[in-house]
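What the coordinates show
Below, each chain spelled out in residue letters.
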Amino acid sequence: MHPRSGGVPFEFNTIGVDDGIAMGHRGMLYSLPSREIIADSVETMLKAHCFDGMICIPNCDKIVPGMLMAAMRCNIPRSSSPAAP
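Quantities reported herein were computed from a predicted structural model and do not represent experimental measurements.

Rules used throughout
- Residues numbered from 1 in each chain as written.
- Predicted model: local features only at pLDDT ≥ 70, side-chain atom pairs only at ≥ 80, totals over all residues.
- Heavy atoms only, no water.
- Helix = DSSP H or I, 4+ residues; strand = E, 2+ residues; numbered from the N terminus.
- Contact = heavy atoms within 4.5 Å.
- Areas by Shrake-Rupley, 256 points an atom, 1.4 Å probe, with all protein chains shown as cover.
- Lys, Arg positive; Asp, Glu negative; His and termini not counted.
- Charge placed at Lys NZ, Arg CZ, Asp CG, Glu CD.
- Phe/Tyr/Trp six-rings, centres within 6.5 Å; stacked < 30°, edge-to-face > 60°.
- Buried < 20%, exposed > 50% of the residue type's maximum accessible area, 1.4 Å probe, protein only.

1. Looking at the overall build of the chain
When helices and strands are tallied, the chain shows three helices and two strands. Listed by position from the N terminus, the elements making up the chain come as α-α-β-α-β. In terms of overall dimensions, the chain has a C-alpha envelope of 55 × 25 × 15 Å along the principal axes. A separation of at least 24 residues holds for 66% of the contacts in the chain among residues at least 6 apart in sequence. For the chain, the accessible surface area stands at approximately 6,100 Å², while carbon and sulfur atoms represent 60% of it. Side-chain charges of the chain comprise 7 positive and 8 negative groups, with the mean position of each set lying 4 Å from the other.

2. A look at the packing of aromatic side chains
The full count for this structure, using the stated rule, is three aromatic pairs. Aromatic pair Phe 10 and Phe 12: ring centres 6.4 Å apart, planes at 50°, arrangement tilted. Classification of Phe 12 as partly exposed rests on a relative accessible area of 27%. With centroids separated by 6.3 Å and ring planes inclined at 15°, the aromatic side chains of Phe 12 and Phe 51 adopt a geometry described as stacked. Of this pair, Phe 12 sits in the segment before helix H1 (19-22) while Phe 51 sits in the loop between helix H2 (34-48) and strand E1 (54-56), placing them 39 residues apart in sequence. The rings of Phe 10, Phe 12 and Phe 51 are connected pair by pair, giving a single aromatic cluster.

3. Quick notes on the side chain of Ser 31
Residue position: Ser 31 is located in the loop between H1 and H2. On the basis of relative accessible area, Ser 31 is assigned to the buried category, the value being 8%. Once residues within four sequence positions are removed from consideration, Ser 31 is found in contact with Val 17, Asp 19, Met 23 and Lys 62.

No statement about biological role is implied by the geometric values presented.
What follows is the structure in structure tokens.
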């Protein structure tokens, strides 16, 4: 980071429902709705700390859209680098 950029990195995590564990019982009812919870939690962090931008490193089919939804809600620049487990 350039010393005059004024940026301060801040790392935080979010939840992730594992479909392999959640399927076959009532837990599967929480898989898709978890995307909204992810978006809400990321949006909360972005707004609460007045972030100007975001770099996403998602690794799941619910975390990717959840992070994108949060960035769009907050209308901030973002960069994504999807990771795989």
